[in-house]
Amino acid sequence: MDIGFRLATIDDLNALERVGNRLFDYPVKKAQAVVFLKDPRHHLALAFDGDEIIGMASAMHYVHPDKEPQLFINEVGVLSAYENNGIGRKLVRLLCNHAWVLGCSEAWVLTDKTNARAQRMYRGAGGKEEEEPIVLIAFSKEN
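Attention in this report is confined to the structure presented alongside it. Starting from 1, residues in each chain are numbered consecutively following that chain's sequence as written. In view of the model being predicted, local features appear only for residues whose pLDDT reaches at least 70, and side-chain atom pairs are presented and counted only at 80 or more, with totals across whole chains, interfaces and linings using the full set of residues. As a convention, hydrogens and water are excluded, and side-chain values are obtained from all of the structure's heavy atoms.

### Observations regarding the sheet that holds strand β5 (residues 106–108)
Strands belonging to one sheet form pairs held by backbone hydrogen bonds; the direction of such a pair is parallel or antiparallel. Quick reminder of the rule: Two strands are counted as paired when DSSP detects at least two bridges linking them. Secondary structure elements are defined from DSSP: runs of H or I of at least 4 residues count as helices, runs of E of at least 2 residues count as strands, and each element is numbered from the N terminus. To obtain each axis, a line is fitted to C-alpha atoms, and for helices this fit is confined to the stretch in contact; angles are then taken between N-to-C directions over 0 to 180 degrees. By definition in these notes, contact holds between two residues if any of their heavy atoms fall within 4.5 Å.
On the basis of which strands lie adjacent, the open sheet formed by 5 strands has the order β1-β2-β3-β4-β5 and mixed pairing. The two strands at the open ends of the sheet, each matched to only one other strand, are β1 (3–7) and β5. Strand-to-strand, the axes of this sheet are offset by a mean angle of 20 degrees, without reference to chain direction. Here 3 bridges tie strand β4 (residues 67–78) to β5, and the two strands are oriented parallel to one another. Along β5, the bridge assignment pairs F72 with W108. Where helix α1 (residues 13–23) meets the sheet, its contacts fall on β2 (42–49), β3 (52–64) and β4, and the angle it forms with β3 comes to roughly 90 degrees. On top of the sheet, helix α3 (residues 87–101) reaches β1, β2, β3, β4 and β5; it is set at about 160 degrees to β4, its chief contact.

### Some thoughts on the packing of aromatic side chains
Under the convention used in this document: Two rings from Phe, Tyr or Trp (for Trp, the six-membered ring) form a pair when their centres are within 6.5 Å of each other. A pair whose planes differ by under 30 degrees is stacked, one over 60 is edge-to-face, and the rest are tilted.
Under the definition given, this model contains 1 aromatic pair. Seen in terms of ring centroids, F72 and W108 are 4.8 Å apart; in terms of plane orientation they differ by 50 degrees. Their pairing is tilted. Of this pair, F72 sits in strand β4 while W108 sits in strand β5, placing them 36 residues apart in sequence.

### Points about a negative patch on the surface
So the rule is basically this: The patches described consist of residues with a relative accessible area above 30% and no salt bridge, like charges being joined within 9 Å and nonpolar side chains (Val, Leu, Ile, Met, Phe, Trp, Tyr) within 5 Å. Reported accessibility uses the Shrake-Rupley method at a 1.4 Å probe radius. Residues are deemed covered only where the shown protein chains occlude them. Every case where a carboxyl oxygen of Asp or Glu lies within 4 Å of a side-chain nitrogen of Lys or Arg is listed as a salt bridge. Neither His nor the chain termini are counted; the positive set is Lys and Arg, and the negative set is Asp and Glu. A single reference atom marks each charge: NZ on Lys, CZ on Arg, CG on Asp, CD on Glu. For every residue, the accessible area obtained with a 1.4 Å probe (protein chains only) is divided by the maximum for its type, and the residue is called buried under 20%, exposed over 50%, and partly exposed between those limits.
Taken together, the side chains of E106, E130, E131 and E132 make up a negatively charged region of the molecular surface. Judged by relative accessible area, E131 falls into the exposed class, the value being 79%.

### Describing the pattern of salt bridges
Close approach of charged atoms allows side chains of opposite charge to pair. This model, assessed by the stated rule, comprises 5 salt bridges. A salt bridge links D66 to K67, with the shortest nitrogen-to-oxygen separation between them at 3.1 Å. Given the relative accessible area of 55%, D66 is considered exposed. Residues E83 and R117 are paired through a salt bridge, measuring 3.2 Å at the closest nitrogen-oxygen approach.

Shape descriptors only; they carry no functional weight alone.
Spelled out as structure tokens, the structure:
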């Protein structure tokens, strides 16, 4: 298996649309993808088998007036035929290495407590579980 890894560019738009909801939660919306890919604070690591995208990890880095930049990893996905080959771990490492180049002091991700596979993958990529319990409070426009 000869899988390639790199950060996405606007040139990947057609490949993103082709893989669509086989990899992402929903079909890729071209206009949203263009905004994402053109925003320098949004990052998308891709895994390719030939010209086809078979894995992705998305993130954004953000700045705050009193802290160093940080990277928030939003989601990681690998097509089922390619799972359990270390692709997710490599995508996360690619994002983290990019974050260090950008001057980020840390990277972090949240996952469900019941999602043992994701937790193993993030640990395998070098992440460490925080001791402090986290409380997630969600807001929506319906509330």
